[in-house]
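Structural features, examined
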Amino acid sequence: MLALLASGLSRSSSNNKLAESENSAQNSNNMSWGTELWDQNENLAIHTNRGIDALDKFANFLRDRVAIETEYAGKLRRLVKNYQPKKKEEEDNEFTSVQAFRNLLKEVGDLAGQREVVSESLQLQIIAGVTLLSKTLREDRKKCLSDGATLQQNLTTQLSSLDRAKRNYEKAYRDSEKAVDSYKRADMDLNLSRAEVERYKNVMTSKIQQSDDAKNEYANQLQKTNNLQQQHYSMLLPSVLNRLQELDEKRTRGFREFIVGAADVESSVAPIIARCMEGIVKAGESINEKEDTFKVIERYQSGFTPPRDIPFEDLSKCDPDSVQESHYSNSTSNHLTIRGTMSANKLKKRVGIFNIFGSNKNSLTADGQKEDFSDLPPNQRRKKLQAKIAELTQNIAQETKARDGLMKMKIVYEANSSLGNPMTVEGQLNESEHKLEKLKVDLKKYQGFLEKASQVPTATSSPQASRNQLQNGHRTSRHSNGSADDHHDDGDDQPDDAGSLSRSDSEDNVAQIQNGHNNNNNGSASPESGLGTSHTSLPGSGQGSANENAIGEDTYYETEVETLNPVGKCRALYPFEASSEGSIPMSEGEELQVIEIDQGDGWTRVRRENNSNGWDEGFVPTSYIECTLYA
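Here the residue numbering is sequential within each chain, running from 1 through the sequence in written order. Side-chain atom pairs in this predicted model are given and counted only at pLDDT of 80 or more, local residue features only at pLDDT of at least 70, and totals for whole chains, interfaces and linings cover all residues. As a rule here, side-chain values come from all non-hydrogen atoms in the structure, and water together with hydrogens is ignored.

Observations concerning the overall build of the protein
- In terms of regular secondary structure, the protein is built from 13 helices and seven strands.
- The buried share of the protein, reckoned over its 631 residues, is 38%.
- Contacts were defined at the residue level, with two residues in contact if any of their heavy atoms lie within 4.5 Å. Once local pairs closer than 6 in sequence are excluded, the contacts in the protein between residues at least 24 apart make up 70%.
- As displayed, the protein has an accessible area near 36,900 Å², and 52% of this comes from carbon and sulfur atoms. Starting at the N terminus, helices and strands are each numbered in turn, a helix being any DSSP run of H or I of at least four residues and a strand any DSSP run of E of at least two. Only protein chains enter the accessibility calculation, which uses a 1.4 Å probe. A residue is then buried if its area is under 20% of the maximum for its type, exposed if over 50%, and partly exposed in between. What sets the accessible areas is the Shrake-Rupley method with a 1.4 Å probe; for residues, cover comes only from the shown protein chains.

Shown next as C-alpha cells:
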C-alpha cells in the first residue's frame, strides 16, 4: 500500500514538473522584450553588444585552434619526413619491425592529413560563418539602436513642447489673474478717471484671452504628447526591442549551430582517424621476431664452418719451413673464415705479395665490391648474383618493350610519312638495340658467375673436408721430390676440395673443378680425390702455382698422387649424383673398387674400374653401396 502511494506521489510529482516546464516554455514563447523590457533599452543595448562580443570571442578561439591544428599537422609531417628511412637503410626494409615502423609513419602521415582537413573545414565552414554572422548582427543592432534613438528623440521633443506649452499657460494664467486684480482695484478707486479704469479693463480682457489661448495650446500639446507616448510604448519601441530580441536569438542560435558544426567537423574525420589507429595496431601486430631472426641469418650467413682446434706442432718432427708456411696459411684461413662469419658484407680480401703472378682481377662495382662478388662469402655471393640477374632480367624486359614500341612507331611513320620522319626513330632504335645487347651480355656473364658460384661447394658439404676433420688436421702430402711429410695443420687448413674462401675467388680453379682435371700434375689426379694439392706451396713451383696465385694469398705445391690399392669391392644399391666436391656419381648396380673404408663420416672412397675420365676416384655415401672387403 505504501509502495503504491509512493509510486503515485512520484508520478504526480513528475507530471507537475512536466506541466511546469511546458508552462514555462509557453510563457517564454509569449514573453517578449517589447512588452516585458519596455523601459530597459540601455541594458538591452549593452546585452546585445556583449552577446556579439562573445560570438567574436568564439571566432577568435576557432582561429587559434585552426592555427594549432595547422601547426600540429605540419609538425607531424616534418616528424614523418625526418624519420623516413634513408637510402642507405633500404636494405633493412625486409625486416618486419622496419616494415611496421614504415607503416606507422604512413599512418601518422594520414593522421596529419586528417588534422589538416579539420583545420581547413573549421576555417572555411565555421569561422567564415561566425564572421559573417557577427558582421550582420552588428549592422542590424546598429540600425535597431538608431531607430530606437530616433523614437526616443521624437518623444523627448514632444515632451519638451508640452512642457513649454504648460509653462506658457501658467504664465498667461498668472498674468490674467493680476490683470483682473488690477482692474478690480482700479474700478473701486474713485480717484482714477474713467479712461484709466477702461484701460485696466482692456488689459484684463487681453490677459484673459492670452491665458485662454495658452490653455488651449497646453491642452493640444498634452493630447499630442499622450498620443505619441502611447504609440511609442505600445507599438514603436516594442517593435525596435523585438527586433533586438530576434537579433539576439539569431546570435544564440548561430552560436549553437557553430559549436555543433565544429563538433561535426571533428566527428567526420573520427572514422578515418580510427582506421589510422587500427593500421598502427595492425603494423605493430605484424612484427614477427622469428621471421626477423630468420632474415638476419639469411642475410649474414657466410656458409663457412667455425674454426677448429689448433693442434700442437712438434717442431722436432716437422720441416720448419713447411710448418711456418702451414701456420701462415692456416692463420690466414682462420682469419678470413671468422671475418666472413661475423661481418659478411664487410669482408675484405688481402692481396698477397705474389698476386702479380697470373692474378684474375675483377673490376669493382660502385660499392667497392668485385664484379662477380667473389670477395663475399659463398651464400652472400649467390644472393648478390641472383639479385643482379633479377635486376638485369627486369631491365631487359623494359628495354625490349621500349624497342618494340620504337619499331611500331617506325612502321607507322614509314606507312604514313605525314605523322613523322622514320629516320628520327632510327637512332633511338639503334641505341635501344645496343643497350639491349649489352644487357643480354651482362645477364649471360652474371648467369655464368652464378653457375660457377653454385658449383663451388662449401666446407660443410664436402666429404673430403669431413674426412680431414676426422683426421684432426693431420694431413699427408707428397712433395715433388717424392718424400712424404706429415703436417700438423690447424683446424681451418681446408684443402682445395673443401670450398675455402680463396677457391671462391678463383675462376680458373672453379673451371678445373667442373672439368674434373688437375693441371698441377699432368692430370694424374683430380681435385675430387682430395690428394691433388697442398696449401703449403710457394709460387713458381709449376702450373698449379700459377693457378693458385689467382687467389691473391694462398699458394700450393705440386704434388704427386700415391695410388692406393683396393681393399675390397662394392655394388651401388641406388643411383647417386655427385652434388659436392670430392664425390663421384654412380648408377644403380655399378661395380666399384673400395680403396678406403668409411671412417665414421658416412662416406666411402671408391674407384671406378678402367675409367680415366677424371672421375676415377671419389667418395660415395656408405648407405648407397654394398661392400665386400678382401681378406
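Don't stop here, the text continues.
Regarding the packing of helix 4 (residues 96–188) against helix 5 (residues 194–285)
- Lines are fitted to the C-alpha atoms to define the axes, a helix being fitted only along its stretch in contact, and any angle between axes, read from their N-to-C directions, falls within 0 to 180 degrees. Where helix 4 contacts helix 5, the axes come no closer than 6 Å and their chain directions differ by 170 degrees. One finds that helix 4 runs roughly antiparallel with respect to helix 5.
- All residues other than Ala, Val, Leu, Ile, Met, Phe, Trp, Tyr, Cys, Pro, Asp, Glu, Lys and Arg, Gly among them, are scored as polar; the first ten of these are nonpolar and the last four charged. The class makeup of the residues in the contact of helix 4 with helix 5 is 49 nonpolar, 23 polar and 20 charged. Every angle not falling under 35 degrees, over 145, or within 65 to 115 is termed oblique; those three ranges are roughly parallel, roughly antiparallel and roughly perpendicular.

Focus on the pattern of salt bridges
- A pair is scored as a salt bridge if a Lys or Arg side-chain nitrogen falls within 4 Å of a carboxyl oxygen belonging to Asp or Glu. Evaluated as defined, the whole model comprises 23 salt bridges.
- One salt bridge in this structure joins E71 and K75, with 3.2 Å as the shortest N-O distance. Here E71 and its partner K75 are both found in helix 3 (residues 41–82), four residues apart, which amounts to about one turn of the helix.
- Judged by relative accessible area, E71 falls into the partly exposed class, the value being 43%.
- We classify K75 as partly exposed; its relative accessible area is 46%.
- Residues R403 and D404 are paired through a salt bridge, measuring 3.4 Å at the closest nitrogen-oxygen approach.
- On the accessibility criterion, R403 (18% relative accessible area) is buried.

Considerations on the environment of F95
- Checked against the element boundaries, F95 lands in the loop between helix 3 and helix 4.
- The spatial distance from the C-alpha of F95 to the C-alpha of K295 is 7.0 Å, given a sequence separation of 200 residues.
- What F95 contacts, discounting residues up to four positions off in sequence, is D292, K295, V296 and R299.

What to know about the sheet that holds strand 5 (residues 603–607)
- Reading across from one edge, 6-5-4-3-7 is the order of the five strands in this open sheet, with antiparallel pairing throughout. A strand with exactly one partner marks an edge of an open sheet, and here the two such strands are strand 6 (617–621) and strand 7 (625–629). Averaged over all pairs of adjacent strands, the angle between strand axes in this sheet comes to 40 degrees, irrespective of strand direction. Here, strands pair whenever DSSP counts at least two bridges between them.

What about the side chain of T604?
- With respect to the helices, strands and loops of the structure, T604 is situated in strand 5.
- What makes T604 buried here is its relative accessible area of 2%.
- Polar contact is the term for a pair of N or O atoms within 3.5 Å; when the atoms are in protein, one must be able to donate a hydrogen and the other to accept it, and sequence-neighboring residues count only if both atoms are side-chain atoms. A polar contact is formed between the side chain of T604 and the side chain of T622, at a distance of 2.8 Å.

Considerations on the packing of aromatic side chains
- Aromatic contacts are taken between Phe, Tyr and Trp rings whose centres are within 6.5 Å, Trp giving its six-membered ring; a plane angle under 30 degrees counts as stacked, one over 60 as edge-to-face, and the others as tilted. Applying the stated criterion across every chain, the model contains nine aromatic pairs.
- Aromatic pair Y169 and Y173: ring centres 6.3 Å apart, planes at 40 degrees, arrangement tilted. Taken as a pair, Y169 and Y173 lie in helix 4 at a separation of four residues, close to a single helical turn.
- A relative accessible area of 40% places Y173 in the partly exposed class.
- Here Y574 and Y624 contribute two aromatic rings whose centre-to-centre distance is 5.7 Å and whose plane-to-plane angle is 75 degrees, an arrangement assigned as edge-to-face. Pair noted here: Y574 is in the loop between strand 3 (568–572) and strand 4 (591–596) and Y624 is in the loop between strand 6 and strand 7, with a separation of 50 residues, a long-range link.

Describing the packing of helix 8 (residues 378–415) against helix 9 (residues 422–455)
- One can describe the packing of helix 8 onto helix 9 by two numbers: an axis separation of 8 Å at closest approach and a directional angle of 160 degrees. As judged from the angle between their axes, helix 8 and helix 9 are roughly antiparallel. Where helix 8 crosses over helix 9, the handedness of that crossing is left-handed.
- Its residues assigned to classes, the contact of helix 8 with helix 9 shows 18 nonpolar, nine polar and twelve charged. Two helices crossing with the near one rotated counterclockwise from the far one by less than a right angle form a left-handed crossing, whereas a clockwise rotation gives a right-handed crossing.

Comments concerning the environment of N242
- Topologically, N242 is positioned in helix 5.
- Separated by 208 residues in the primary sequence, N242 and G34 have C-alpha atoms spaced 5.4 Å apart.
- Beyond its immediate chain neighbours, meaning those up to four positions away, N242 contacts S32, W33 and G34.
- From its side chain, N242 meets the backbone nitrogen of G34 in a polar contact 3.1 Å long.

What about helix 5?
- Helices are assigned an expected span. That span is 1.5 Å times one less than the residue count. With 92 residues, helix 5 should cover 136 Å at 1.5 Å per step; its first-to-last C-alpha distance of 132 Å lies within 8% of that length.
- Within helix 5, the axis deviates most sharply at H232, by approximately 50 degrees. What is called the bend at a residue is the angle between a pair of axes, fitted to the seven residues leading up to and ending at it and to the seven starting from it.

Focus on the nonpolar core
- Ranked by internal contacts, the top residues of the largest apolar core, which has 22 residues, are L122 and V130.
- Looking at this core, the elements that each hand over two or more residues are helix 3, helix 4 and helix 5.
- Excluding residues that lie within four positions of it along the chain, L122 makes contacts with R65, V66, I127, A262 and V265.
- What makes a nonpolar core is a set of buried Ala, Val, Leu, Ile, Met, Phe, Trp, Tyr and Cys residues whose side-chain atoms join them at distances within 4.5 Å. Grouped together as the second largest cluster of nonpolar side chains are 13 residues, F373, L376, I389 and L450 included.

Section: the environment of Q158
- Position of Q158 among the secondary structure elements: in helix 4.
- Looking at Q158, the relative accessible area reads 12%, which means it is buried.
- In this structure, the C-alpha to C-alpha distance between Q158 and Q229, residues 71 residues apart in sequence, is 8.8 Å.
- If sequence neighbours within four positions are ignored, Q158 has contacts with Q221, K224, T225 and L228.
- Side-chain polar atoms of Q158 contact the side chain of Q221, separated by 2.9 Å.

Considering the state of the cysteines
- Cysteine sulfur atoms that come within 2.5 Å of each other are treated as a disulfide pair. A complete count under the given rule lists zero disulfides for this structure.
- Distance from the sulfur of C570, which forms no disulfide, to the nearest cysteine sulfur (C627) is 5.0 Å.

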